[in-house]
Amino acid sequence: MTALISVPARAAGRVPADRLAGFGPLFRKELREWAHSKRIWVILATTTAFMVLTTANGALTSWLVANIPDAEAPNGPIVLDPLVNFFSAVSTQIFVVVAIFAAMSLLIGERDKGTLSWVASKPVSRASIWLSKWAAASIVVSIVAGIIPMVVTYGVATVLYGPVGIDALAFAAVGVIASITFMVAVVLAASVAVANQAAVAAIGFVVFFFPQLVASLLPVDISPVLPSSILNWAISPVVGAAMGIATPIAWMVSVIALVGFATWRMERLEF
Amino acid sequence: MTIYSAISMTGLTKHYPGVQALTELSLDVPAGSIYGFLGPNGAGKSTTIKVLAGLTRPTRGSASVAGIPVVAGPGYRREVGYLAQEPQFYDWMTGRETLRFVASLYPAADRAGDDRITAVLTRVGLADAADRRTATYSGGMRQRLGIAQALIGSPAVLLLDEPVSALDPIGRREVLDLMRELRGEVTVFYSTHILDDVERVSDHVAILDGGRLIRSAPTAELLSSFAQDQLRVVIGGADDGTSVAIASIPGVISVEPAEGSADLRSYLVRVAPGAGAAVQGAITRFAAEHGQIVTENHLVRLGLEDVFLRLVNTKEHAA
């Protein structure tokens, strides 16, 4: 009679903690993939152009009114304050829209193509797959859709209107990075809950704009407890507004909840 | 005799909404074997391999590789190399970069460095194309890169889902030769519906249909077991009564006329297990007594295709 018994397990040696197994290589792979992608240049060009033109709007309007006789003057006064014009570009939050579009295909695209299941069959944790995408996308989008366009815009505002305090740039940078990190988390968390990119983008836009819309209609100001108010919170010292702790707490709780939900869902994904 | 089992499945069941993909699959795969997992489309082969690769969870039952349960996550997947039916890689990576990325996920392979990557690329015949982007690879090259990336972590088991079904004859031969070379070095568990390949390469075979295991056995044993229950008989001077007479011999299950002529009549005689020799003798005696000449009276060797079709059609559950 033939007996079949299991092969003894091999000595595993030193292995990384299973909860974050594979995070380092996956994170490096994500950064390399961004570096190979053309969209990084598209994001940089469109965001920078949009923010620079928004900042230059006051100077352009002023020049047009002064130099073209038939040019129609705006209804209100033309504002040429350096800080106001710099923040007018930042407050468009174009980087949030860009973050939604940039992140919406990261997981679903890989899932549709089949590379996600390939990676998931390797000795990596599902949490590492999600966290590496979130970390890499947050860093890259923050740099190419946030920091670089904002620094260029800061320079343009300084040239056109005069010096802008460096604190404005520093506080705005904190807010931009926090906003992008939050929105990338929203989009990637949505990607493990729904199966197509349009739905993911729709969830991203709803999460960002709908609470602000509701807040504007309510008699009570709820915007300080919205995580999407993090940019306004960050620049509040520069504009002389009170800097409460409700917004960063709301932001942090939301991000932790999104990460918790997404990693929980990732573990349950079937391929 | 004790044989180590590289893969062990017990009562593996997978239910999707409206579909019972696997039902109570229990199977042990001997270590070092090349194990063919056969079945028609929809039999549950890919589901089984996905469960073993840790990509989908069984509804019930358990599975382990090298004694490590599939639920162990990354620790389990270090023991498994997986090749999907249509392998997909990052198009922007070269073959070498693909292997370097996969190796970085296995601590031992990562430490071994580029020498191991070059050795594996050479082994699968991709050394010359190693620095080309995978987007430019042909189907056969992708499949070989798939085997290379499955091997790079030195797993205990290779799980290959239909590794040759989408390839042309040359690509198919290359991949089958590669699988054959792996015999004894790593356990290869692969699914296919190409019966010729199983007969050529596998030393064990399991047949699945409708999510249920129909039969599992060493390939040679399976074929020989079916070879013992069918006789080809050719008799000169036979008449219409001959087949009736053969059918009445104890141990004969059925007699089917086969190709023949008026002078030489052929029959396929199906006999009960173990009755082959006795029936052969009885036929010879009958012919001699009736002045007929027996020109052929031998056991028929069935191909795997015949065995497969017979098992699937009759659902002879004998696992």
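Analysis parameters
Residues numbered from 1 in each chain as written. Chains lettered and ligands numbered in written order. Predicted model: local features only at pLDDT ≥ 70, side-chain atom pairs only at ≥ 80, totals over all residues. Helix = DSSP H or I, 4+ residues; strand = E, 2+ residues; numbered from the N terminus. Buried ≥ 20, exposed ≤ 12 C-beta atoms within 10 Å, placed from the backbone. Contact = placed C-beta atoms within 7 Å. Axes fitted to C-alpha atoms, helices over the stretch in contact; angles between N-to-C directions. Parallel < 35°, antiparallel > 145°, perpendicular 65-115°, else oblique. Left-handed = near helix turned anticlockwise from the far one by under 90°. Nonpolar A, V, L, I, M, F, W, Y, C, P; charged D, E, K, R; others polar. Pairing = 2+ DSSP bridges. Domains from an automatic or database assignment. pLDDT = per-residue confidence, 0-100. Core = buried A, V, L, I, M, F, W, Y, C linked by C-beta atoms within 7 Å.

*Asks:* Talk me through the overall build of chain B; I want residue IDs and the actual numbers.
*Replies:* A count of helices and strands for chain B gives 12 helices and 14 strands. In terms of overall dimensions, chain B has a C-alpha envelope of 80 × 45 × 40 Å along the principal axes. Expressed as a percentage of the 319 residues in chain B, the buried residues total 45%. Pairs at least 24 apart in sequence give 70% of the contacts found in chain B among residues at least 6 apart.

*Asks:* Account for the overall build of chain A, with residues named and values stated.
*Replies:* A count of helices and strands for chain A gives 11 helices and one strand. The helix and strand sequence of chain A, counted from the amino end, reads β-α-α-α-α-α-α-α-α-α-α-α. Within the span of chain A, comprising 271 residues, buried residues form 41% of the whole. The contacts in chain A between residues at least 6 apart in sequence include a share of 79% that link residues at least 24 apart.

*Asks:* Run through the packing of helix α6 (residues 139-151) of chain B against helix α7 (residues 169-181) of chain B, naming residues and quoting values.
*Replies:* Residue and element names in this part refer to chain B. At a minimum axis distance of 9 Å, the contact between α6 and α7 shows a crossing angle of 15°. Between α6 and α7, the angle is such that the two are roughly parallel. As α6 runs across α7, the sense of the crossing is right-handed. Contact residues: Gly139, Gly140, Gln143, Arg144 and Ile147 in α6; Ile170, Gly171, Glu174, Val175 and Leu178 in α7. Partitioning the contact of α6 with α7 into residue classes produces four nonpolar, four polar and two charged.

*Asks:* So what's going on with the packing of helix α4 (residues 94-103) of chain A against helix α8 (residues 166-191) of chain A? Which residues, and what values?
*Replies:* Residues and elements named next belong to chain A. Look at α4 against α8: their axes get within 9 Å of each other, and the N-to-C directions meet at 35°. With respect to the hand of their crossing, α4 and α8 are arranged in right-handed fashion. In this structure, α4 contributes Phe95, Val96, Ala99, Ile100 and Ala103 to the contact, and α8 contributes Val176, Ser179, Ile180, Met183, Val184, Val187 and Leu188. In terms of residue class, the contact of α4 with α8 is built from 11 nonpolar, one polar and no charged.

*Asks:* Summarise the sheet that holds strand β13 (residues 264-271) of chain B; cite the residues concerned and give the values.
*Replies:* Residues and elements named next belong to chain B. Within the open sheet, the four strands sit side by side as β12-β13-β11-β14. Their pairing is antiparallel. Bordering the open sheet on either side are β12 (252-257) and β14 (293-299), each of which pairs with just one other strand. Each strand of the sheet is rotated relative to its neighbour by a mean of 20°, with strand direction disregarded. Strand direction decides the pairing type here: strand β11 (residues 230-236) and β13, joined by seven bridges, are antiparallel. Residue Leu231 lies in a different strand from β13, and its bridge partner there is Val269. In this fold helix α10 (residues 240-247) packs onto β11, β12 and β13, with an angle of close to 160° to the strand it touches most, β12. Lying on the sheet, helix α11 (residues 276-289) is in contact with β11, β12, β13 and β14; it crosses β14 at an angle near 175°.

*Asks:* Tell me what's going on with the pairing of β11 of chain B, and back it up with residues and numbers.
*Replies:* Sheet analysis places β11 of chain B next to β14 of chain B, joined by six bridges and oriented antiparallel. Bridging across to β14 of chain B, Val233 of chain B finds its partner in Asn297 of chain B.

*Asks:* Which residues make up the domain arrangement of chain B, and what values go with them?
*Replies:* Interfaces are often sized by the amount of accessible area the parts lose when they come together. Segmenting chain B into domains produces domain 1 (5-224) and domain 2 (228-301). When each unit is reduced to the centre of its C-alpha atoms, the spacing between domain 1 of chain B and domain 2 of chain B is 45 Å.

*Asks:* So what's going on with the confidence of the model for chain B? Residues and values would help.
*Replies:* All names here are of chain B. Averaged over all residues, the pLDDT of chain B equals 90, while 97% of them reach at least 70. The lowest-confidence element of chain B is helix α12 (residues 304-314), averaging 77 in pLDDT; the highest-confidence one is helix α3 (residues 95-103), averaging 97. In the model output, the complex is listed with pTM 0.85 alongside ipTM 0.88.

*Asks:* Could you give an account of the nonpolar core, naming the residues involved and the relevant values?
*Replies:* Ranked by size, the top nonpolar core spans 151 residues in total, and within it Ala99, Val184 and Leu188 of chain A carry the most contacts. Per-element accounting of this core gives the leading share, 17 residues, to α8 of chain A. Ignoring anything within four residues of it in the chain, the contact list for Val184 of chain A reads Ala99, Ala103, Trp134, Ala137, Ser138 and Val141 of chain A. Core analysis: the second largest hydrophobic core is formed by 13 residues, Val252, Val255, Val279 and Ala287 of chain B among them.

*Asks:* Can you tell me about the environment of Ala258 of chain B, naming the residues and giving the values?
*Replies:* You can see Ala258 of chain B is positioned in the loop between β12 and β13. The contact partners of Ala258 of chain B, leaving out residues within four places of it in the chain, are Ser266, Tyr267 and Leu268 of chain B.

*Asks:* Run through the pairing of strand β9 (residues 204-209) of chain B, naming residues and quoting values.
*Replies:* All names here are of chain B. Taking burial as the measure, the six residues of β9 include six buried ones, the bulk of the element. Covered by surrounding structure in β9 are His204, Ala206 and Leu208 together with Val205, Ile207 and Asp209, the residues of both alternating faces. Relative to β9, strand β3 (residues 34-38) is paired through four bridges, and the arrangement is parallel. Bridge pairing in β9 places Gly36 opposite Val205. As judged from the six bridges shared by β9 and strand β10 (residues 212-218), these two strands associate in the antiparallel manner. Its bridge partner being in β10, Val205 is matched across the sheet by Ala217.

*Asks:* Could you give me a rundown of helix α5 (residues 106-113) of chain A, with the residues and numbers involved?
*Replies:* All names here are of chain A. Among the residues making up α5, those that are buried are Leu106, Leu107, Ile108 and Glu110. The inward-facing, buried residues of α5 abut α4, α6 (115-120), α7 (126-161), α8 and α9 (197-217). Phi for Gly114, located one or two positions after α5, is positive at around 110°.

*Asks:* Tell me about unusual backbone geometry, and please be specific about residues and values.
*Replies:* The backbone phi angle of Gln93 of chain A is positive, close to 55°, even though this residue is not glycine. If you trace the backbone, Gln93 of chain A turns up in the loop between α3 (82-90) and α4. C-beta crowding within 10 Å serves as the criterion here: with 21 such atoms nearby, Gln93 of chain A is assigned to the buried category. The backbone of Glu162 of chain B sits at a positive phi, close to 45°, despite the residue not being glycine. On the secondary structure map, Glu162 of chain B appears in the loop between β7 (157-161) and α7. Of the residues examined, Glu162 of chain B has 21 C-beta atoms within 10 Å and is grouped as buried.

*Asks:* Summarise the sheet that holds strand β6 (residues 80-83) of chain B; cite the residues concerned and give the values.
*Replies:* All names here are of chain B. Across the sheet, which stays open at both edges, the six strands sit in the order β6-β7-β8-β3-β9-β10 with mixed pairing between neighbours. Sheet topology places β6 and β10 at the edges, where each strand pairs with a single neighbour. If you compare each strand with its neighbour and ignore which way they point, the axes differ by 15° on average. Lying on the sheet, helix α1 (residues 45-52) is in contact with β3, β6, β7, β8 (187-192) and β9; it crosses β7 at an angle near 145°.

*Asks:* Describe the confidence of the model for chain A, naming the residues involved and giving the relevant values.
*Replies:* Residues and elements named next belong to chain A. Confidence in the prediction of chain A, expressed as mean pLDDT, is 92, and 94% of residues score 70 or more. Across chain A, the secondary-structure element scoring lowest on mean pLDDT is strand β1 (residues 3-6), at 62, and the one scoring highest is α7, at 98. Counting interchain partners and residues more than four positions distant, the pLDDT-below-50 stretch residues 11-16 has six contacts.

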